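Letter by letter, the chains look like this.
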Amino acid sequence: MEREVWVDWMRVAACLMVIIVHSTEPFYLGGEGALILTQTDARWVSLFDTFVRACVPLFIVASSYLQFPLHYPTGQFLRRRVVRVVVPFVIWTLVYALWWGEPVENLQCLLFNFNYFAGHLWFVYMLVGIYLLMPLLSPWAERVGKRELQFYLLLCFLTTLLPFVRAWMEPHPPVIYGSGGVPNIARYPLWGECSWNVYGLFYYLSGFMGYLLLGLYLRRFVGELSWRRTLAIALPTWLIGFTICFFGFLIGVDNDAQGVFPIEGPTGLAAVWEATWINDTASVALMTIGWVLLFRKIKASGHFFQHILLPISKASYGMYLCHMLLLVAVSGWLRTSLCIGNDGVLGIWTTPVQILFTALLTFLGTALFSIVVQRIPWIGKWIAG
């Protein structure tokens, strides 16, 4: 099968975008809970984080585009996923459990969930869930028609509006704290949901299912688009999504700050600010569509692609797993060296410089590490995927 060059470009970009997201977090989750030092920092945080918020959906679209419906038997598919996804995940889960926090407590928690000190590992649980669904849906995906798939995509998109409906019905939902002080915003019940039933009308079509179907739709029914048509679709959808995300975060912060900074509170406060950034909201879905259409226009497959970008693309999963170890160290070093907030060495530019340099140094460092480890005979694939 001919290599889809644009998917590699998109996977590498999504990996960098994830690292930018995590490089931004210290500037609104800067203490024991939520903390934003200045109004300027709030603007920088919203700008950077909003710009890259479609990163996780881009990974799902890439997986769907390349693997859905399945090209080989279910058993073979699952065995490959275990080797490339599950085993490296287990290894790095243990590394984080032993490296951060209380090792004994962390190891006990691993029986039931990921280590909260390594929160980015939530992604792997979701990804494995998607992989388990692919064999079930593949027979349907092989014969589904364009109109039928459009209908289901529309239903999935409607579910991305549910967070906004819940926010309208209950503007200030209570925040419930679970194990380790991790917040969970109580959801206003809609269409069949209640205290004894979470399986409402759209439950089985919500979440990341829409991105799985989007990858299928693009491969099956969307041919080569001209630049003019691509921009006519991609730019408006991306800008609408960006606007909702950007101002949604700032409005939440400004309403709580009432013009007084720094603003701080429990971790749940940051979870409320992030409401328009959630992966299954319409704002992120629209940006995802815009990004994917733009990446599909990339055809460059020359020397740079073959010798630099392609190896990084193949190592991107390993980069995702290990990047937080380096990122925390780099971020801490830069914050110590440049200070923080408007009192930093570079004034109002201190925050964006720290975010960008943290992301770039982490990206380059983990890329080099993952590529080298991946090439170790026999054991490389078990560590870096």
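Remember, it's a predicted structure, so these values are computed and weren't measured experimentally. (Residues numbered from 1 in each chain as written. Predicted model: local features only at pLDDT ≥ 70, side-chain atom pairs only at ≥ 80, totals over all residues. Heavy atoms only, no water.)

1. Things to note about the side chain of Ser370
1) Next: Looking at where Ser370 falls in the secondary structure, it is placed in helix α15 (residues 350-374).
2) Next: A residue is classified by how much of its surface remains accessible, and Ser370, at 1% relative accessible area, is buried.
3) Next: Leave out the neighbours within four places in its chain, and Ser370 touches Ala315, Gly318, Met319, Cys322 and Ala384. (Helix = DSSP H or I, 4+ residues; strand = E, 2+ residues; numbered from the N terminus. Buried < 20%, exposed > 50% of the residue type's maximum accessible area, 1.4 Å probe, protein only. Contact = heavy atoms within 4.5 Å.)

2. Describing the environment of Ile379
1) Next: Structurally, Ile379 is set in the loop between α15 and α16 (380-384).
2) Next: Ile379 gets classed as partly exposed once you look at its relative accessible area, which sits at 44%.
3) Next: Each C-alpha atom, one on Ile379 and one on Arg219, is 34 Å from the other, the two residues being 160 residues apart in sequence.

3. Here's the deal with a nonpolar patch on the surface
1) Next: On the surface, a cluster of nonpolar side chains totalling about 540 Å² of accessible area is made up of Ile91, Ile376, Trp378, Ile379 and Trp382.
2) Next: Tracing the sequence through the fold places Ile376 in the loop between α15 and α16. (Patch = residues over 30% accessible without salt bridge, like charges linked within 9 Å, V, L, I, M, F, W, Y side chains within 5 Å. Areas by Shrake-Rupley, 256 points an atom, 1.4 Å probe, with all protein chains shown as cover. Salt bridge = Lys/Arg side-chain N within 4 Å of Asp/Glu carboxyl O.)

4. Observations regarding unusual backbone geometry
Residues apart from glycine generally show negative phi values, whereas peptide bonds are mostly found in trans.
1) Next: Cis geometry marks the peptide bond from Phe68 to Pro69; its omega dihedral reads 0°.
2) Next: Inspection of the secondary structure puts Pro69 in the loop between α3 (55-67) and α4 (74-99).
3) Next: The peptide bond linking Phe261 to Pro262 adopts the cis configuration, its omega dihedral lying at 5°.
4) Next: Following the sequence through the fold, Pro262 ends up in the loop between α10 (227-257) and β4 (263-265).
5) Next: At Trp191, a residue that is not glycine, the phi angle is positive and equals roughly 50°.
6) Next: Topologically, Trp191 is positioned in the loop between β3 (183-185) and α9 (209-221).

5. Digging into the packing of α3 against helix α6 (residues 122-143)
1) Next: It is the contact of α3 with α6, at a shortest axis distance of 12 Å, that shows an interaxial angle of 25°. It follows that α3 is roughly parallel to α6 by the angle criterion. Of the two elements, α3 crosses α6, and the hand of that crossing is right-handed. Of α6, the residues touching α3 (which contributes Val56, Phe59, Ile60, Ser63, Ser64 and Gln67) are Trp122, Phe123, Met126, Leu127, Tyr131 and Met134.
2) Next: For the contact of α3 with α6, the per-class residue count stands at nine nonpolar, three polar and no charged. (Axes fitted to C-alpha atoms, helices over the stretch in contact; angles between N-to-C directions. Parallel < 35°, antiparallel > 145°, perpendicular 65-115°, else oblique. Left-handed = near helix turned anticlockwise from the far one by under 90°. Nonpolar A, V, L, I, M, F, W, Y, C, P; charged D, E, K, R; others polar.)

6. Side note on the packing of helix α14 (residues 316-338) against α15
1) Next: It is the contact of α14 with α15, at a shortest axis distance of 8 Å, that shows an interaxial angle of 140°. Between α14 and α15, the angle falls in the class oblique. Our pair here, α14 against α15, has a crossing hand that is right-handed.
2) Next: Of the residues assigned to the contact of α14 with α15, the class counts are 14 nonpolar, 10 polar and one charged.

7. Observations concerning the nonpolar core
1) Next: In terms of nonpolar packing, the biggest core is built from 105 residues, with Phe123, Phe249 and Trp273 touching the most fellow members.
2) Next: Ranked by residue count, the leading element in this core is helix α1 (residues 5-24), at 14 residues.
3) Next: Contact partners of Phe123, with chain neighbours within four places excluded, come to Val56, Phe59, Ile60 and Tyr320. (Core = buried A, V, L, I, M, F, W, Y, C linked by side-chain atoms within 4.5 Å.)

8. Regarding the packing of aromatic side chains
A ring pair, where both rings are aromatic, is described by two values, the distance of the centres and the angle of the planes.
1) Next: Tallied over the entire structure, the rule returns 35 aromatic pairs.
2) Next: Ring geometry for Tyr28 and Phe249: centres 5.7 Å apart, planes at 80°, overall edge-to-face. Pair noted here: Tyr28 is in the loop between α1 and β1 (34-36) and Phe249 is in helix α10, with a separation of 221 residues, a long-range link. Phe249 shares its class with Tyr28; the two are buried.
3) Next: Grouped by ring-pair contacts, the aromatic residues Phe51, Trp238, Phe242, Phe246, Phe247, Trp291 and Phe295 constitute a single cluster.
4) Next: Positioned over the ring face of Tyr72 is Arg80, at 4.3 Å from the centre of the ring. (Phe/Tyr/Trp six-rings, centres within 6.5 Å; stacked < 30°, edge-to-face > 60°. Lys NZ or Arg CZ within 6 Å of the ring centre and 35° of its normal.)

9. Quick word on helix α2 (residues 39-51)
1) Next: Its 13 residues place the ends of α2 19 Å apart at the C-alpha level, agreeing with the 18 Å of an ideal helix rising 1.5 Å per residue.
2) Next: Taken residue by residue, α2 has Asp41, Ala42, Trp44, Val45, Ser46, Phe48, Asp49 and Thr50 as its buried positions.
3) Next: Along its buried surface, α2 packs onto α1, β1, α10, α12 (282-295) and α15. (Expected span 1.5 Å × (residues − 1).)

10. A short note on the state of the cysteines
1) Next: Under the criterion given, the structure shown has zero disulfides.
2) Next: We note that Cys322 lacks a disulfide partner, and the nearest cysteine sulfur, in Cys15, lies 8.8 Å from it. (Disulfide = S-S within 2.5 Å.)

11. What to know about the pattern of salt bridges
1) Next: Within the structure shown, the criterion is met by seven salt bridges.
2) Next: Measuring nitrogen to oxygen at the nearest pair gives 2.8 Å for the salt bridge that ties Asp49 to Arg53. The same class applies to Asp49 and to Arg53, which are both buried.
3) Next: Among the charged side chains, a network of salt bridges with common partners joins Arg3, Asp8 and Arg11.

12. Quick look at the side chain of Ser316
1) Next: Mapped onto the secondary structure, Ser316 falls in helix α14.
2) Next: Taking the relative accessible area as the measure of exposure, Ser316 reaches 5% and is therefore buried.
3) Next: Not counting residues within four places of it along the chain, the set of residues in contact with Ser316 comprises Arg11 and Cys15.

Everything listed here is a matter of geometry and, on its own, says nothing about what the molecule does.
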